[in-house]
Amino acid sequence: MKMNTRNKDAAVVVFSGGQDSTTCLLWALKRYKEVVAVSFDYGQRHKAELECAKEIAGELNVEWHVLDMSLLNQLAPNSLTRAEIEVEKEAPVDDVPNSVVDGRNMLFLTFAAVFAKQKGITDIITGVSQSDFSGYPDCRDVFIKSLNATLNLAMDYTFCIETPLMWIDKADTWKLADDLGGLSIVRDKTLTCYNGIKGNGCGNCPSCRLRREGYEKFLEKYKK
């Protein structure tokens, strides 16, 4: 494999405008001189997340791009791409949640890698977490390591996929945002809710419950 000179001063962040990716964006801004945020329009149920991503990137003075991934909507109908499919309030015990978009992280990271290579960037940041696995197979560390190796081989380029949240839970994700000086941005301006409500969200969907429980645990553990 032809080895590239790794540019340690630059990174591409896979950025949805949600809690995890915004925390990763803040993390990257502390470590790299140049940070580029990439979002994806895949016909998601709530386009408001792209507006959140645009707003946050603008506030943080980060270069922001949106890539068209509309084919994913056609291929993977589920509760995050179809308004007529209701988001499950509880994840099934023996199956993946109906909010899983098959292949989403694989495709996002692959296209982010193609984008990064054109800019001479090797480091790609993503907010996946095995601690909050919740039935999402493409959030596992083994998948990230496998894809990293595949991308390196596919493009003859030495990518480094960084996962700052992989081994921490939601409470410590909130703490990380606080440590990075971005707690208010993450709390008030991100969109994590499966029902498309910014900030605290609807409070009832699985994503909102996970977010709220993590925040309450964060306050109890670190803000006494």
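Residues numbered from 1 in each chain as written. Predicted model: local features only at pLDDT ≥ 70, side-chain atom pairs only at ≥ 80, totals over all residues. Heavy atoms only, no water.

Caption draft 1: Focus on the environment of methionine 69. Tracing the chain through its elements places methionine 69 in the loop between β3 (63–68) and α3 (70–75). Exposure remark for methionine 69: the relative accessible area of 7% places this residue in the buried category. Methionine 69 sits 28 residues away from aspartate 41 along the chain, and the two C-alpha atoms are 5.5 Å apart. For methionine 69, the residues in contact, after removing those within four places along its chain, are Phe40, Asp41, Tyr42, Leu107, Phe108 and Phe111. (Helix = DSSP H or I, 4+ residues; strand = E, 2+ residues; numbered from the N terminus. Buried < 20%, exposed > 50% of the residue type's maximum accessible area, 1.4 Å probe, protein only. Contact = heavy atoms within 4.5 Å.)

Caption draft 2: Spatial organisation of the packing of aromatic side chains. Tallying each qualifying case throughout the model produces six aromatic pairs. Cluster of aromatic residues (ring-pair linked, three or more members): Trp174, Tyr215, Phe218 and Tyr222. (Phe/Tyr/Trp six-rings, centres within 6.5 Å; stacked < 30°, edge-to-face > 60°.)

Caption draft 3: Looking closely at the pattern of salt bridges. Scanning the model with the defined rule gives nine salt bridges in all. Glutamate 59 serves as the salt-bridge partner of lysine 189, at 2.5 Å between the closest nitrogen and oxygen. You can see lysine 189 sitting in helix α7 (residues 183–189) and its partner glutamate 59 sitting in helix α2 (residues 48–59), a full 130 residues away along the chain. A relative accessible area of 25% places lysine 189 in the partly exposed class. Relative accessible area serves as the criterion here: at 42%, glutamate 59 is assigned to the partly exposed category. Residues lysine 175 and aspartate 179 are paired through a salt bridge, measuring 2.8 Å at the closest nitrogen-oxygen approach. You can see lysine 175 and its partner aspartate 179 sitting in helix α6 (residues 170–179), four residues apart, about one turn around the helix. Look at lysine 175 and you get partly exposed, because its relative accessible area is 26%. (Salt bridge = Lys/Arg side-chain N within 4 Å of Asp/Glu carboxyl O.)

Caption draft 4: Summary view of helix α1 (residues 19–31). Given a rise of 1.5 Å per residue, 13 residues ought to cover 18 Å, and the 19 Å separating the end C-alpha atoms of α1 matches this to within 8%. Among the residues of α1, those classed as buried are Gln19, Ser21, Thr22, Thr23, Cys24, Leu25, Leu26, Trp27 and Ala28. (Expected span 1.5 Å × (residues − 1).)

Caption draft 5: Fine view of α2. The end-to-end C-alpha distance of α2, which contains twelve residues, comes to 17 Å, matching closely the 16 Å that a straight helix rising 1.5 Å per residue would cover. Among the residues of α2, Glu49, Leu50, Cys52, Ala53, Ile56 and Ala57 are the ones counted as buried. Viewed along the axis of α2, the buried residues span an arc of 155 degrees, placing them on a single side of the element. Residues of α2 that are exposed and angled more than 90 degrees away from the buried face: Glu51 and Gly58. Next to the buried residues of α2 lie α1, β2 (34–41), β3 and α7. (Arc of directions from axis to C-beta.)

Caption draft 6: Structural detail: the pairing of strand β1 (residues 10–14). Of all five residues making up β1, five are buried, and the element is well covered by its neighbours. What you see with β1 is no split at all: Ala10, Val12 and Val14 on one side and Ala11 and Val13 on the other are buried throughout. When β1 meets β2, the two strands line up parallel, connected through five bridges. What sits directly across from valine 13, in β2, is alanine 37. Handedness of the crossover joining β1 and β2 through α1 is recorded here as right-handed. The sheet contact formed by β1 and strand β4 (residues 123–125) spans three bridges and is parallel. Note that in β4 the partner of alanine 11 across the bridge is aspartate 123. (Pairing = 2+ DSSP bridges. Right-handed = clockwise from strand over helix to strand, strands pointing away.)

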